[in-house]
Amino acid sequence: MKRRRLLALPAAVVLAVIGAGCAAGGRPAAAPGPSTPAPRPAPGGGALVATPAPGHSALGRPGFSLVAQARHGRVGLYRGPGSHRLVRMLHSPDGRFPLVLLVKQARPGWLQVYLPVRPNQSTGWIRQADVSLRYDGYRVEVDVHRRRLSVWRSGVVLDRQPIGVGQVLTPTPGGIYYIIQEFRLSDPGGPYGPYALGISAYSNVLQSFGSGPGQIALHGTNDPGGIGAKVSHGCIHLRNREITRLAHLLPLGTPVLIRA
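Going along each chain's sequence as written, the residues are numbered from 1 onward. Reporting of local features is limited, given that this is a predicted model, to residues whose pLDDT is at least 70; pairs of side-chain atoms are given and counted only at 80 or more, and all residues count toward the totals for whole chains, interfaces and linings. Excluded from the side-chain calculations are hydrogens and water; all other atoms, namely the structure's heavy atoms, are used.

Asks: I'm lost on helix α2 (residues 240-247) in this one. Help?
Replies: An α-helix turns once per 3.6 residues; consequently, residues spaced three or four apart project the same way. Among the residues making up α2, those that are buried are Glu 242, Ile 243, Leu 246 and Ala 247. Relative to the axis of α2, the buried residues are bounded by an arc of 135 degrees and lie together on one face. Its buried side turned inward, α2 meets β10 (148-153), β11 (156-162), β14 (195-202) and β15 (215-219). The cut-offs for exposure are 20% and 50% of the maximum accessible area for each residue type, with area from a 1.4 Å probe on protein chains only; residues under the lower value are buried, those over the upper are exposed, and the others partly exposed. Each helix corresponds to a stretch of at least 4 residues labelled H or I by DSSP, and each strand to a stretch of at least 2 residues labelled E; elements are numbered beginning at the N terminus. Taken from the helix axis, the directions to the C-beta atoms give the arc we talk about. Contact definition: two residues touch when any of their heavy atoms are within 4.5 Å.

In C-alpha cells:
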C-alpha cells in the first residue's frame with residue numbers, strides 16, 4: 001500500500017469531524033504507515049481460511065490481519081454469504097479517506113467485516129470482488145485498567161506506553177476496532193497534540209461530542225500530567241512523541257483491541 005500524506009487540519013476541524021469522547025477537552029489526530037503485500041489466492045483457487053488471533057483477524061497468515069478497501073468508495077452489505085438481498089450500501093464515514101474494513105472471517109467469495117458504525121463492533125457481509133485486500137502486520141492493544149498501550153508487529157511487541165483513558169462517567173469502550181482516519185493537526189502544541197487517529201469505535205455514553213458523532217480516537221495532548229490517568233471523554237491520550245511515531249507507522253485498517 002502506498003504511503004499517503006496525512007490530512008492536515010486545525011484541531012477545531014478535527015474535533016468536528018471525529019467529535020468523539022476525547023479528553024477532558026481533547027480530540028484525535030493521526031497518520032499512516034507501511035503495510036504488507038496483498039494476500040495471494042490459495043493454491044488451486046481455494047478459499048481463504050479464517051484463523052482468529054487475539055485482538056485481530058488473521059486469515060491465512062498467522063500474526064497478520066486482513067484489511068479490505070472498497071474499490072469504488074462504497075460496498076454493499078448483505079445478510080450472509082451467498083445472499084442476494086442487499087441490506088444497505090456503506091460509504092466511508094469521512095469522504096476524505098477511503099472506506100477500509102477489518103475482516104473478521106471469510107467464505108468463498110465473501111467476507112465478514114467489522115463496520116465503522118454504531119453500535120460498536122457491528123459486522124456485515126460483503127462480496128470479496130468489491131474490495132481489494134492486503135495484510136497488516138501491526139496491531140494496537142489498549143489495556144484500560146492498567147492504562148497501557150502496546151504496539152505489535154507480526155506477533156512481536158514493538159513498544160509499550162502509558163496512556164490517559166476515559167473518565168468513570170465517560171469510559172473508553174472495549175472491543176475490537178480499527179483505524180479509519182489519520183490527521184496531522186496544525187497546532188502540535190494544542191490540547192490534541194500533533195496527530196490524531198480516528199478509530200471505528202464510538203462512545204457508549206455520548207451520542208455526540210462537540211459537533212461530531214462521539215467517535216473515539218488516539219491522540220496527543222498538551223497535558224502530559226494526564227498520561228496514566230482517567231482524564232478523557234473516552235478517547236485515548238498518548239505522549240506527543242508516541243502519537244507522532246504511531247501516526248507514521250500504522251496504516252488505515254490497523255486493528256485496535258481495547259480491553260476495558
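Asks: Please clarify how the environment of Arg 85 should be interpreted in this entry.
Replies: Following the sequence through the fold, Arg 85 ends up in the loop between β3 (74-78) and β4 (86-91). Setting aside its immediate chain neighbours within four residues, Arg 85 contacts Leu 77, Tyr 78 and Arg 79.

Asks: Explanation requested: the pairing of strand β8 (residues 131-136) in the structure shown.
Replies: Regular strands have side chains that alternate between both faces of the sheet. For β8, the tally of buried residues reaches five of six residues, placing the bulk of the element in the interior. Pairing analysis gives six bridges linking strand β2 (residues 65-70) to β8, with the strands arranged antiparallel. Its bridge partner lying in β8, Val 67 is registered against Arg 134. Only strands joined by at least two bridges in the DSSP assignment are considered to pair.

Asks: Sorry if this is basic, but what is going on with the side chain of Gln 181 here?
Replies: Considering the arrangement of structural elements, one finds Gln 181 in strand β13 (residues 175-185). In terms of polar contacts, Gln 181 uses its side chain to reach the side chain of Asp 94, at 3.3 Å. Any pair of nitrogen or oxygen atoms within 3.5 Å is treated as a polar contact; in protein, a donor-acceptor pairing is required on top of that, and neighbouring residues in sequence qualify only through side-chain atoms on both sides.

Asks: Quick question: what am I supposed to make of the nonpolar core here?
Replies: In globular proteins that are soluble, nonpolar side chains generally tend to be buried together. Residues grouped as a nonpolar core are buried Ala, Val, Leu, Ile, Met, Phe, Trp, Tyr and Cys residues, joined through side-chain atoms within 4.5 Å. In this structure, Val 75, Leu 101, Leu 111 and Val 142 are the most contacted members of the largest nonpolar core, which totals 60 residues. In terms of residue count, the dominant contributor to this core is β13 (seven residues).

Asks: In this structure, what is going on with the packing of aromatic side chains? I would like to understand it.
Replies: Where two aromatic rings form a pair, the distance of their centres and the angle of their planes describe that pair. Ring geometry is summarised as follows: Phe, Tyr and Trp rings, the Trp one being its six-membered ring, pair when their centres sit within 6.5 Å, and such pairs are stacked at plane angles under 30 degrees, edge-to-face over 60 and tilted between the two. Counted according to the given criterion, the structure contains three aromatic pairs. Relative to Trp 110, the ring of Tyr 78 has its centre 5.3 Å away and its plane inclined at 85 degrees; by these criteria the two rings are edge-to-face. Residue Tyr 78 is located in strand β3, and its partner Trp 110 is located in strand β6 (residues 110-114); the two are separated by 32 residues in the primary sequence. For the pair Tyr 78 and Trp 110, a shared accessibility class is recorded, and that class is buried. In our convention, an over-ring charge means Lys NZ or Arg CZ found within 6 Å of a ring centre and within 35 degrees of that ring's normal. Note that Arg 127 overlies the ring of Tyr 78, its terminal NZ or CZ placed 4.7 Å from the centroid. Its end group placed over the ring of Trp 152, Arg 139 keeps NZ or CZ at 4.3 Å from the ring centre.

Asks: Just checking my understanding: could you explain unusual backbone geometry for this structure?
Replies: Generally, phi is negative for residues other than glycine and the peptide bonds are trans, each holding for most cases. For the bond from Arg 118 to Pro 119, the omega torsion is -10 degrees, close enough to zero to count as cis. As for its position among the elements, Pro 119 is in the loop between β6 and β7 (123-127). Positive phi, close to 65 degrees, is recorded for Gln 121, a residue that is not glycine. Judged by relative accessible area, which is 35%, Gln 121 ranks as partly exposed. With a phi angle near 55 degrees, Arg 147 is a residue other than glycine that sits in the positive phi range.

Asks: Is there a simple way to think about the pattern of salt bridges in this case?
Replies: Where charged atoms from two side chains of opposite charge approach closely, those side chains can pair. When a carboxyl oxygen of Asp or Glu lies within 4 Å of a side-chain nitrogen of Lys or Arg, that pair is called a salt bridge. For the coordinates displayed, the defined rule picks out six salt bridges. Arg 96 is the salt-bridge partner of Asp 94, the closest N and O atoms lying 3.1 Å from each other. Judged by relative accessible area, Arg 96 falls into the partly exposed class, the value being 43%. Ionic pairing is found between Glu 141 and Arg 139, a salt bridge with its closest N-O pair at 2.8 Å.

Asks: Quick question: what am I supposed to make of the side chain of Glu 242 here?
Replies: Along the chain, Glu 242 falls in helix α2. The class of Glu 242 is buried, set by a relative accessible area of 6%. In this structure Glu 242 touches Val 151, Asp 159 and Gln 161, once residues within four positions along its chain are discounted.

Asks: Would you mind showing me how to read the environment of Arg 259 here?
Replies: The residue Arg 259 is located in strand β18 (residues 255-259) in this model. Looking at Arg 259, the relative accessible area reads 42%, which means it is partly exposed. C-alpha of Arg 259 to C-alpha of Arg 147: the two residues are 112 residues apart in sequence and 10.0 Å apart in space. Setting aside chain neighbours within four positions, we find Arg 259 in contact with Glu 141, Val 142, Asp 143, Val 144 and His 145.

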